[in-house]
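Below, each chain spelled out in residue letters.
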Amino acid sequence: MRWYERKAPFRHGGRPPQRQVSATEAGIERIAELGLDCMEVQFVRGVKMNERVAREVGEVAKKSGVRLTAHAPYFINLNAHEKEKVVASQQRLIHTAHIASLLGAEAIVFHPAFYLNDSPPAVYARVKEMLEETVGPLMAEGNRVLLRPETTGKGSQFGTLEEVLNLSAEIDGVAPCLDFAHLHARRGGGNSYKEFMAILNQMAERLGRQALDGMHIHLSGIHYGRKGEINHLNLKESDFRYVELLRALKELEVKGLIICESPDREGDALLLQETYNSL
Ligand SMILES: [Zn+2]
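The rules behind each value
Residues numbered from 1 in each chain as written. Predicted model: local features only at pLDDT ≥ 70, side-chain atom pairs only at ≥ 80, totals over all residues. Heavy atoms only, no water. Helix = DSSP H or I, 4+ residues; strand = E, 2+ residues; numbered from the N terminus. Rg over C-alpha atoms; globule rule 2.2 N^0.38 Å. Buried < 20%, exposed > 50% of the residue type's maximum accessible area, 1.4 Å probe, protein only. Areas by Shrake-Rupley, 256 points an atom, 1.4 Å probe, with all protein chains shown as cover. Lys, Arg positive; Asp, Glu negative; His and termini not counted. Charge placed at Lys NZ, Arg CZ, Asp CG, Glu CD. Phe/Tyr/Trp six-rings, centres within 6.5 Å; stacked < 30°, edge-to-face > 60°. Lys NZ or Arg CZ within 6 Å of the ring centre and 35° of its normal. Donors = N, O, S within 2.8 Å, 3.2 Å for Na, K, Ca; no water. Core = buried A, V, L, I, M, F, W, Y, C linked by side-chain atoms within 4.5 Å. Contact = heavy atoms within 4.5 Å. Pairing = 2+ DSSP bridges. Axes fitted to C-alpha atoms, helices over the stretch in contact; angles between N-to-C directions. Parallel < 35°, antiparallel > 145°, perpendicular 65-115°, else oblique. Left-handed = near helix turned anticlockwise from the far one by under 90°. Nonpolar A, V, L, I, M, F, W, Y, C, P; charged D, E, K, R; others polar. Salt bridge = Lys/Arg side-chain N within 4 Å of Asp/Glu carboxyl O.

**Q** Tell me about the overall build of the chain, and name the residues and values.
**A** Scanning the chain from terminus to terminus reveals ten helices and nine strands. Taken over the C-alpha trace, the chain has a radius of gyration of 18 Å; the compact-globule value for 279 residues is 19 Å, and the two agree within 12%. Once the C-alpha set of the chain is aligned to its principal axes, its extents read approximately 55 × 45 × 35 Å. Within the span of the chain, comprising 279 residues, buried residues form 52% of the whole. Entry remark: accessible area of the chain is about 12800 Å², with carbon and sulfur atoms responsible for 51%. Of the side chains in the chain, 35 bear a positive and 37 a negative charge, and the two mean positions are spaced by 3 Å.

**Q** Explain the packing of aromatic side chains to me, and be specific about the residues and the numbers.
**A** One pass over the structure, following the stated rule, counts four aromatic pairs. Every member of this aromatic cluster is reached through a ring pair, and the members are Tyr115, Tyr124 and Phe158. Taking NZ or CZ as reference, Lys250 lies 4.4 Å from the ring centre of Tyr276, over its face.

**Q** Give me the coordination of the zinc ion: which residues, what numbers.
**A** With distances of 2.0 to 2.2 Å, the protein atoms coordinating the zinc ion are His71 (NE2), His111 (NE2) and Glu150 (OE). All donors of the zinc ion come from a single chain, and their spacing in sequence reads H-x39-H-x38-E. With His71 in strand E2 (residues 67-71) and His111 in the loop between strand E3 (107-110) and helix H4 (120-140), the pair connects residues that are 40 residues apart, well separated along the chain. By relative accessible area, which is 1% here, His71 ends up buried. The class for His111 is buried, based on a relative accessible area of 15%.

**Q** Can you tell me about the nonpolar core, naming the residues and giving the values?
**A** Core analysis: the largest hydrophobic core is formed by 73 residues, its most contacted members being Leu68, Leu103, Leu131, Leu147 and Phe180. Once you skip the residues sitting within four places of it in the chain, Leu68 turns out to touch Ile28, Met39, Val41, Val57, Ala61, Leu103, Ala105, Glu106 and Ala107.

**Q** Summarise the sheet that holds strand E9 (residues 256-260); cite the residues concerned and give the values.
**A** A sheet is described by the order of its strands in space; here three strands give the open sequence E5-E6-E9, paired in parallel fashion. Every other strand in the sheet has two partners, leaving strand E5 (178-179) and E9 as the edge strands with one partner each. One ladder, built from five bridges, connects strand E6 (residues 215-219) with E9; its direction is parallel. Within the sheet, the bridge partner assigned to Met215 lies in E9 and is Gly256.

**Q** Hey, could you go over the sheet that holds strand E1 (residues 38-42) for me, with residue numbers and the actual values?
**A** Hydrogen bonds between backbone atoms are what pair the strands of a sheet, whose relative direction is either parallel or antiparallel. The four strands lie next to each other as E1-E2-E3-E4, forming an open sheet whose pairing is parallel. Strands at the two margins of the open sheet, each flanked by one partner only, are E1 and strand E4 (146-149). This sheet shows a mean twist of 30° between the axes of neighbouring strands, independent of strand direction. When E1 meets E2, the two strands line up parallel, connected through five bridges. Looking at the pairing, Val41 lines up with Ala70 of E2. With respect to the sheet, helix H1 (residues 23-34) is in contact with E1 and E2, its orientation differing from that of E1 by roughly 160°. Together, E1, E2, E3 and E4 form the strand contacts of helix H3 (residues 83-103), whose direction differs from that of E3 by roughly 145°.

**Q** Please provide a residue-by-residue account of the packing of helix H7 (residues 193-207) against helix H9 (residues 242-251), values included.
**A** In the contact formed by H7 and H9, the axes pass within 8 Å of each other and the chain directions differ by 45°. Taken together, the axes of H7 and H9 are oblique relative to one another. The chirality of how H7 crosses H9 is right-handed. Along its contact with H7, which presents Tyr193, Phe196, Met197 and Leu200, the element H9 presents Glu244, Leu245, Arg247, Ala248, Leu249 and Glu251. Its residues assigned to classes, the contact of H7 with H9 comprises seven nonpolar, no polar and three charged.

**Q** An account of the pattern of salt bridges is requested, with residue identities and associated values reported.
**A** One pass over the structure, following the stated rule, counts ten salt bridges. A salt bridge links Arg206 to Glu170; the nearest nitrogen and oxygen atoms lie 3.6 Å apart. Taken as a pair, Arg206 in helix H7 and Glu170 in helix H5 (residues 161-170) lie far apart in primary sequence, 36 residues in all. Assessed through its relative accessible area of 37%, Arg206 is described here as partly exposed. Taking relative accessible area as the criterion, Glu170 reaches 36% and is therefore assigned partly exposed. Ionic pairing is found between Asp213 and Lys255, a salt bridge with its closest N-O pair at 3.5 Å. Highlighted residues: Asp213 in helix H8 (residues 209-213) and Lys255 in the loop between H9 and E9, separated in sequence by 42 residues. Residue classification places Asp213 among the partly exposed positions, given a relative accessible area of 34%.

Next comes the structure, spelled out in structure tokens:
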């Protein structure tokens with residue numbers, strides 16, 4: 001349900017002509033119309049929304065009963081070797097969280113870093129330190145938006161399940177985003193009821209039951225190779241066993257948001273909702 005860049009047709013006649021409906025607002029209204037419940041606002045190519053628009057969009061979301069999260073820009077690498085690139089990455093996170101809080105969004109999702117041939121433990125230590133430095137000022141200004149590092153789909157990207165869970169356990173204000181398609185692409189496995197249960201139980205063991213009560217999930221089909229993710233696919237065109245995942249989520253009474261990232265976001269989001277309700 002990623003709508004931000006989508007040029008939705010504006011069929012909303014009742015608005016004052018001087019105020020143009022943004023694509024984000026149109027997306028939110030469409031989500032509500034479809035009977036879906038949440039949306040991730042896409043800032044993946046940069047946060048181009050200003051404070052005034054963010055407040056207006058937040059109002060629309062509130063009125064429509066659509067819960068929001070945001071996806072931070074892709075240009076983030078907390079393990080960059082140049083100090084200024086790390087600082088720019090931290091500022092992008094802080095700025096995204098600032099706009100997200102005006103949107104009334106609950107969390108921002110981000111891809112924390114690339115390994116750049118450094119050893120994973122060294123990268124972990126660095127990402128953790130840089131992320132702590134990022135969360136500090138946000139907490140100080142009372143920003144309550146959670147920072148959610150995502151499980152990433154490629155071997156070159158920091159973001160294994162363990163790394164994401166450890167950051168979440170060790171830093172206040174940080175919680176995981178589990179992208180199950182990425183976990184599958186990265187590991188090859190991670191595509192059966194048994195493995196989904198194991199992943200969820202591992203998360204509950206590391207972070208406590210409350211982690212299952214406030215989950216953030218990304219879901220789609222996925223095309224992958226030896227190095228992991230290649231591109232996202234629609235669920236039915238992929239090998240992803242989404243019914244088994246939904247069964248595991250239901251079995252463990254998991255609560256939270258599922259963001260569909262298939263090329264056909266609308267169709268697959270509805271498919272997931274319908275399948276989940278029929279279990
Ligand atoms: Zn992502």
